[in-house]
Amino acid sequence: MSISGSLERLRAANTRAVLTLLAGEGPMSRADLARGTGLSRTTVSSLVTALMATGQVSETTARGKPHKGGSGRPPVLVTLSAPSGCVAGVDIGHRHIRVAAADRTGRILAEEATDLDVDAHGPGALDRAAHMVRSALRTAGLPRGDLRAVGMCVPAPLDRRSSRISTGILPGWRDLPPGDELERRLGVPVFADNDANVGALAELNHGAARGMLDVVFVKLSSGLGAGIVLGGRLHRGTSGIAGEIGHVQVGEDGQVCRCGNRGCLETVVAAPRLIGLLQPAYDEELSTELVRALDSAGDAGVRRVLSDAGRAVGRALADLCNSLNPEGVVVGGSLGPSPSLLEGIRASIDRYAQPDVAASVTVAAGQLGDRAEITGTVALAVAGVAARVPA
Ligand SMILES: [Zn+2]
């Protein structure tokens, strides 16, 4: 090997040593970098100059370990540059749009939310979402040109082959691929998924499912869906619509469902249906928040209705547990944290799942509440950037 070739290799190895030390220890002075790597101060200074020229490191006096000895001005420290660019998340629900602007690590810097009847107005909702993303970026002080990717969720099954929402679930979105449409409006890659899948991602990364490898995230709000994590990864299925437990049939002659079938579980347990069952017995207008509060206060009617709903959901989950043998069932959505709902789910899993399967599964409320989806869409964008763009 030529001498210049070995010198190049040596320099690359020394550069790696400096970057590795900064990644592990945080900002450091050149002197501490020399001590930590065993390189001479001259070599470290030369490497740092080259790394600053390529933007991989920068100088700061703000943070880092207190320098040892000496007095007077704090030393200039060398720090790894933050990954450039930013991302955004877009959570589209049946009745709301929420967006977040975040840095490349997923730290949310600004958020906006609005109430909107999303189901019937696909193009209008997408226009509004794009506008809100631009506005959130401005609020966060992030230049629009720095936006690298957007994560997005919709409250319906999304066919990954056609990028379209399953027919019938959202009437105003027929033939409208939401990810492609938002991408056209914003000019950056958009990674779209359904709300239960991004909720599962969020609870897996930041919430009740942290550290679990096999977990079912159930979302009970205006609809019912599940996000399935197997071996630590989201299981989307061949066409992306795995986990549609809301459309398990529980009564052949039941109510017609928005999916076109009859007697789907969702028609029995979705929040509007439960509120409809309860409303005649109460003077005040019920909302999911009030129903949850009444449940916590021990209201007999609410407890009965939520417990029955939990048992119905748990019946379907028991079969799923038998097939997947998960470590956890995490229940999210607007009614997810209700104690009676969780008790009902637990009771049915204990009763209908194989005993060893039931004994090995924990049933818990989600920890992120209505922030699960926005947290998950930002995580989707961060993962999307990491997969597409070399760091
Ligand atoms: Zn259905």
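Residues numbered from 1 in each chain as written. Predicted model: local features only at pLDDT ≥ 70, side-chain atom pairs only at ≥ 80, totals over all residues. Heavy atoms only, no water.

By the naming in an unreviewed UniProt entry, the protein is ROK family transcriptional regulator, taken from Nocardioides guangzhouensis.

Student: Explanation requested: helix α1 (residues 3–25) in the structure shown.
Tutor: Side chains of residues three or four places apart in an α-helix project in the same direction, reflecting 3.6 residues per turn. An ideal rise of 1.5 Å per residue puts 33 Å on 23 residues; α1 measures up with 33 Å between its terminal C-alpha atoms. Of all the residues in α1, the buried ones are Gly5, Asn14, Thr15, Val18, Leu21 and Leu22. (Helix = DSSP H or I, 4+ residues; strand = E, 2+ residues; numbered from the N terminus. Expected span 1.5 Å × (residues − 1). Buried < 20%, exposed > 50% of the residue type's maximum accessible area, 1.4 Å probe, protein only.)

Student: What should I look at first to understand the sheet that holds strand β12 (residues 224–230) in this one?
Tutor: Whenever strands of a sheet pair, they do so through backbone hydrogen bonds, lying parallel or antiparallel. Strands sit in the order β13-β12-β11-β14-β15 across an open sheet of 5 strands; the sheet is mixed. Because the sheet does not close on itself, it has two edges, and the strands there are β13 (233–235) and β15 (362–365). Recorded for the sheet is a direction-independent mean angle of 25° between the axes of neighbouring strands. With 4 bridges connecting them, strand β14 (residues 328–332) and β15 associate as parallel partners. Bridge pairing in β15 places Val330 opposite Ala364. On the sheet, helix α6 (residues 195–206) packs against β11 (215–220), β12, β13 and β14 and is oriented at approximately 50° with respect to β12. Along the sheet, helix α10 (residues 300–324) makes contact with β11, β12 and β14, crossing β11 at roughly 160°. (Pairing = 2+ DSSP bridges. Axes fitted to C-alpha atoms, helices over the stretch in contact; angles between N-to-C directions. Contact = heavy atoms within 4.5 Å.)

Student: Sorry, what's going on with the UniProt feature "domain: HTH iclR-type" (unreviewed entry) in the protein here?
Tutor: Per the UniProt record, the feature "domain: HTH iclR-type" (unreviewed entry) sits at residues 17–57. Taken as a whole, residues 17–57 contains 73% helix and 7% strand, while its terminal C-alpha atoms sit 13 Å from one another. (UniProt positions renumbered as here; feature names shortened; annotations may be inferred.)

Student: Explain the pairing of strand β5 (residues 96–103) here, please?
Tutor: On a regular strand, one side chain projects to one face of the sheet and the next to the other, so that they alternate. Taking burial as the measure, the 8 residues of β5 include 7 buried ones, the bulk of the element. Pairing analysis gives 7 bridges linking strand β4 (residues 86–92) to β5, with the strands arranged antiparallel. Its bridge partner lying in β5, Gly89 is registered against Ala100. Alignment of β5 against strand β6 (residues 108–115), held across 7 bridges, turns out to be antiparallel. Looking at the pairing, Ala102 lines up with Ile108 of β6. The hairpin turn running from β5 into β6, its antiparallel successor, is 4 residues long, and Gly106 in that turn takes a positive phi close to 95°.

Student: Looking at this model, I keep getting lost on the coordination of the zinc ion. Mind explaining?
Tutor: Put simply, the ideal angle at a metal is 109.5 degrees for four donors in tetrahedral geometry and 90 or 180 degrees for six donors in octahedral geometry. His247 (ND1), Cys257 (SG), Cys259 (SG) and Cys264 (SG) make up the full set of protein donors to the zinc ion, lying at 2.0 to 2.3 Å. Coordination at the zinc ion comes from 4 donor atoms whose angles at the metal span 106 to 121°, giving a geometry best classed as tetrahedral. Taken in chain order, the donor set of the zinc ion reads H-x9-C-x1-C-x4-C. Within this pair, whereas His247 is found in the loop between β13 and α7 (265–269), its partner Cys264 is found in the loop between β13 and α7, the two being separated by 17 residues in sequence. Note on accessibility: His247 and Cys264 belong to one class, buried. (Donors = N, O, S within 2.8 Å, 3.2 Å for Na, K, Ca; no water. Tetrahedral: all angles 85-135°; square planar, octahedral: opposite > 155°, others 65-115°.)

Student: Just to check I follow, could you spell out the sheet that holds strand β1 (residues 28–29) for this structure?
Tutor: Here we have 3 strands laid out as an open sheet, ordered β1-β3-β2, and antiparallel in their pairing. Every interior strand has two partners, whereas the edge strands, β1 and β2 (57–60), have only one. The pairing of β1 with strand β3 (residues 77–80) spans 2 bridges and is antiparallel. Among the inter-strand pairings, Met28 is bridged to a residue of β3, identified as Val78. The strands that α1 touches are β1, β2 and β3; relative to β3, the one it contacts most, it runs at about 90°.

Student: How do you make sense of the side chain of Thr114 when you look at a structure like this?
Tutor: Mapped onto the fold, Thr114 is located in strand β6. Looking at Thr114, the relative accessible area reads 15%, which means it is buried. Engagement of the side chain of Thr114 in a polar contact is seen with the side chain of Arg128, the distance being 3.1 Å. Non-local contacts of Thr114, meaning those with residues more than four positions away in its chain, are made with Arg95, His96, Ile97, Arg128 and Met132. (Polar contact = N/O pair within 3.5 Å; in protein donor to acceptor, adjacent residues only side chain to side chain.)

Student: Even after reading the chapter, I still don't get the domain arrangement of the protein, so can you show me in this structure?
Tutor: Interfaces are often sized by the amount of accessible area the parts lose when they come together. For the protein, the domain assignment lists domain 1 (3–80), domain 2 (86–198) and domain 3 (208–367). Here the C-alpha centre of domain 3 lies 53 Å away from the C-alpha centre of domain 1. (Domains from an automatic or database assignment.)

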